[in-house]
Amino acid sequence: MQKLHFKRALIDDAWRSDVLVEVDGTRLTRLTPDAKCPTDADAIAGLAVPGIANLHSHAFQRAMAGLTEIRGAGEDSFWSWRDVMYKFLAALSPNDIESISAFAYAELLEAGFTSVGEFHYVHHDPTGAPYADSAEMAGRITAAARHTGLGLSLLPCFYAHGGCGGRPPAPGQRRFISSLDSFARLLERSEQHAAQCGLADARIGLALHSLRAVAPDELAALADQAAQCHWPIHIHAAEQQKEVDECVAWSGKRPVEWLIDEAHIDARWCLVHATHMSDAEATGLARSGAVAGLCPITESNLGDGIFPAVSFGAAGGRIGVGSDSNVRISAAEELRTLEYSQRLRDQRRNRIGSAGRSTGRALFDAAARSGAQAIGRDCGSLKVGMQADIVVLDSDHPSLAGRADDAALDTWIFVGGNELVREVWSGGRHVVTDGRHIARDRLATPFAAVMRKLAAAL
């Protein structure tokens, strides 16, 4: 049993003082405000808030950060970036994936994320052949979570085709490709890796890459399995206008429209990006209860477009955030970039939230609540029975001088960033202290070795 005493904490959705938090294993068992600090409790300075679930990560892409910022001869786009990603991916071994993922996961924790939905699609060796363990790469992801203590929802991804209508995959996609039969074996082994990784709260769900990569009969079969297993389901949708046009040419419907009409999406689903929607699609997605999984930094980096967050929120839509390509890892900056995109489009300020309310608090609450829903975890709030995922903001930092409660959240999101994160507990594990992950130095050495290897190879 751990006992932690916070001078100020956001518990049960309200700011309270002198909060005694009791943790049994990975769960919050008691929260007592206005309590004296007992002698057997650790007194923690700072402002305690719930950790945020990162609902969409491709951890291996962390090692690509900074390598695609050179203008090509033609027009650079998501599609030219993807070609570079395929070349980069061909050089990665299982050991490389584990080292990159572990370092990225440490950075996620330092940034205020306490769990991740790892949208995992790199399954095979560079020739496309399966490893002896069909879920070798999934095992490396779960090992990375174990090394760092990051809460993990592993989302093995089914990927079978190279375009809508069952087009054959491109050579660069060979490491992703599965049949329904081979994917069934991979899922079973992935479950075993998650169960054996040493984290009591590790779990799995299902990822379907996109309507470009999954045929309707395959989607239906896998969605039925996920429903029987009570798994969350994630799918990339409408990230690029070219994808929308391809889907319309194939089916007569836009991607989100097709998913609403044909897949009958509900609150178990997370549609990642959903950038290019019609008004009818946005309303339908909001009514479905599914989460729109936004990755504003990556979407900005790739030139995807601007999600209609204001109208989607007005329709009751649910929004969470992820780090996707991990080109920059920061919970605060994901939320800031989301809000700023709406301001740039609308030429107005304070777009997300309601009148008279802190914009930072509105962003934070949405991401915490919907991120937890999207990856199927009991997190996102400090309440009895929830995961003990706690982020402590550094109240001694000059940027937070004289700031408290929602004003501190506004300052973290719009002024500061990772430097304001002082302590982090993930599932009851104290993994960040004084702003640094407890294993950062140990994890940095193999990560740096992979980076040097890749620099020489590419």
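Structure shown above.
Residues numbered from 1 in each chain as written. Predicted model: local features only at pLDDT ≥ 70, side-chain atom pairs only at ≥ 80, totals over all residues. Heavy atoms only, no water.

S.K.: Any details on the nonpolar core? Residues and values, ideally.
M.R.: If you look at the biggest cluster of nonpolar residues, it comprises 122 residues, and the most contacted ones within it are Tyr105, Leu208, Leu219, Leu259, Trp269, Leu285 and Trp412. For this core, the element with the most residues is helix α2 (residues 94-110), which contributes 9 residues. If we ignore the near neighbours within four places in the chain, the residues touching leucine 208 are Phe119, Cys157, Phe158, Val214, Leu219, Leu222, Ile233, His234, Ile235, His236 and Trp269. Residues Ala9, Ile44, Ala48 and Trp425 belong to the second largest nonpolar core, which totals 17 residues. (Core = buried A, V, L, I, M, F, W, Y, C linked by side-chain atoms within 4.5 Å. Buried < 20%, exposed > 50% of the residue type's maximum accessible area, 1.4 Å probe, protein only. Helix = DSSP H or I, 4+ residues; strand = E, 2+ residues; numbered from the N terminus. Contact = heavy atoms within 4.5 Å.)

S.K.: Got a sec to walk through the packing of α2 against helix α3 (residues 136-148)? Specific residues and values, please.
M.R.: In contact at an axis separation of 8 Å, α2 and α3 are set at 35° when each is read in the N-to-C sense. Where α2 crosses over α3, the handedness of that crossing is right-handed. Contacts between α2 and α3 involve Pro94, Asn95, Ile97, Glu98, Ser101, Ala102, Tyr105, Ala106 and Leu109 from the former and Glu136, Met137, Arg140, Ile141, Ala143, Ala144, Ala145, His147 and Thr148 from the latter. Looking at the contact of α2 with α3 residue by residue, the class counts come to 11 nonpolar, 4 polar and 3 charged. (Axes fitted to C-alpha atoms, helices over the stretch in contact; angles between N-to-C directions. Left-handed = near helix turned anticlockwise from the far one by under 90°. Nonpolar A, V, L, I, M, F, W, Y, C, P; charged D, E, K, R; others polar.)

S.K.: Describe the layout of surface pockets, naming the residues involved and giving the relevant values.
M.R.: The calculated volume of the largest pocket comes to roughly 310 Å³. Forming the walls of the largest pocket are 21 residues, and the residues nearest its centre are Gly313, Gly317, Ile352, Gly353 and Ala366. Secondary structure elements with two or more residues in the lining of the largest pocket: α10 (309-314), β13 (318-321), α11 (331-346) and α12 (359-375). Here the lining of the largest pocket gets 6 residues from one element, more than from any other, and that element is α12. For the lining of the largest pocket, the residue count by class is 12 nonpolar, 5 polar and 4 charged. Each pocket or cavity is described by its volume, and for the second largest pocket that value is around 250 Å³. Surrounding the second largest pocket, 13 residues form its lining, Thr68, Asp76, Ser77, Ser80 and Trp81 being those nearest its centre. Taken together, the elements giving at least two residues each to the lining of the second largest pocket come down to α1 (78-89) and α9 (296-302). Per element, the largest residue contribution to the lining of the second largest pocket is 4 residues, and it comes from α1. (1 Å grid on protein atoms, 1.4 Å probe; cavity = no way out; pocket = protein on both sides within 12 Å on 5 of 7 lines; lining within 4 Å. Points joined across faces, edges and corners; volume = space filled by probe spheres on them.)

S.K.: For empty space enclosed by the protein, give the residues involved together with the corresponding values.
M.R.: Inspection of the entire model under this criterion finds 3 cavities of 30 Å³ or more. Each pocket or cavity is described by its volume, and for the largest cavity that value is around 190 Å³. Phe78, Trp81, Tyr121, His209 and His236 are, among the 17 residues lining the largest cavity, the residues nearest its centre. Considering each element in turn, the lining of the largest cavity owes the most residues, 5 residues, to α1. Split by residue class, the lining of the largest cavity holds 8 nonpolar, 5 polar and 4 charged.

S.K.: I'd like to hear about the packing of aromatic side chains, residue by residue, with values.
M.R.: Here the distance between the centres and the angle between the planes together describe a pair of aromatic rings. Taken as a whole and judged by the stated rule, the model has 13 aromatic pairs. Here the aromatic rings of tyrosine 86 and phenylalanine 176 are separated by 6.0 Å at their centres, their planes lie at 55°, and the arrangement is tilted. On the criterion of sequence distance, the pair formed by tyrosine 86 in helix α1 and phenylalanine 176 in the loop between β7 (151-158) and α4 (180-196) is long-range, its members being 90 residues apart. Take tyrosine 86: its relative accessible area is 11%, and that puts it in the buried class. A connected cluster of aromatic rings, assembled from ring pairs, spans Phe60, Tyr86, Tyr121, Tyr159 and Phe176. Lysine 242 extends its terminal NZ or CZ atom over the ring of tryptophan 79, reaching a point 4.7 Å from the ring centre. (Phe/Tyr/Trp six-rings, centres within 6.5 Å; stacked < 30°, edge-to-face > 60°. Lys NZ or Arg CZ within 6 Å of the ring centre and 35° of its normal.)

S.K.: Give a description of the pattern of salt bridges that names residues and reports values.
M.R.: All told, the structure shown has 30 salt bridges when counted by the stated rule. Salt-bridge contacts for aspartate 365 lead to arginine 361; the nearest nitrogen and oxygen are separated by 3.0 Å. One end of the pair is aspartate 365 and the other is arginine 361, both in helix α12 and 4 residues apart, which spans about a single turn. Overall, the relative accessible area of 15% leaves aspartate 365 in the buried class. Given the relative accessible area of 8%, arginine 361 is considered buried. For arginine 361, the salt bridge is made with aspartate 406, and the minimal N-O distance between the two is 2.9 Å. On the criterion of sequence distance, the pair formed by arginine 361 in helix α12 and aspartate 406 in helix α13 (residues 405-414) is long-range, its members being 45 residues apart. Sharing partners across several salt bridges, the network here consists of Arg357, Arg361, Asp365 and Asp406. (Salt bridge = Lys/Arg side-chain N within 4 Å of Asp/Glu carboxyl O.)

S.K.: So what's going on with the sheet that holds strand β14 (residues 390-393)? Which residues, and what values?
M.R.: Strand pairs in the sheet, formed through backbone hydrogen bonds, run parallel or antiparallel to each other. Pairing in this open sheet of 8 strands is mixed, and the strands run β3-β2-β1-β4-β14-β15-β16-β17 from one edge to the other. The outermost strands of the open sheet, each flanked by one partner alone, are β3 (27-32) and β17 (436-437). Of the pairings in the sheet, the one linking strand β1 (residues 2-11) to strand β2 (residues 14-24) comprises 9 bridges and is antiparallel in character. Within β2, the residue paired with histidine 5 across the bridge is leucine 20. (Pairing = 2+ DSSP bridges.)

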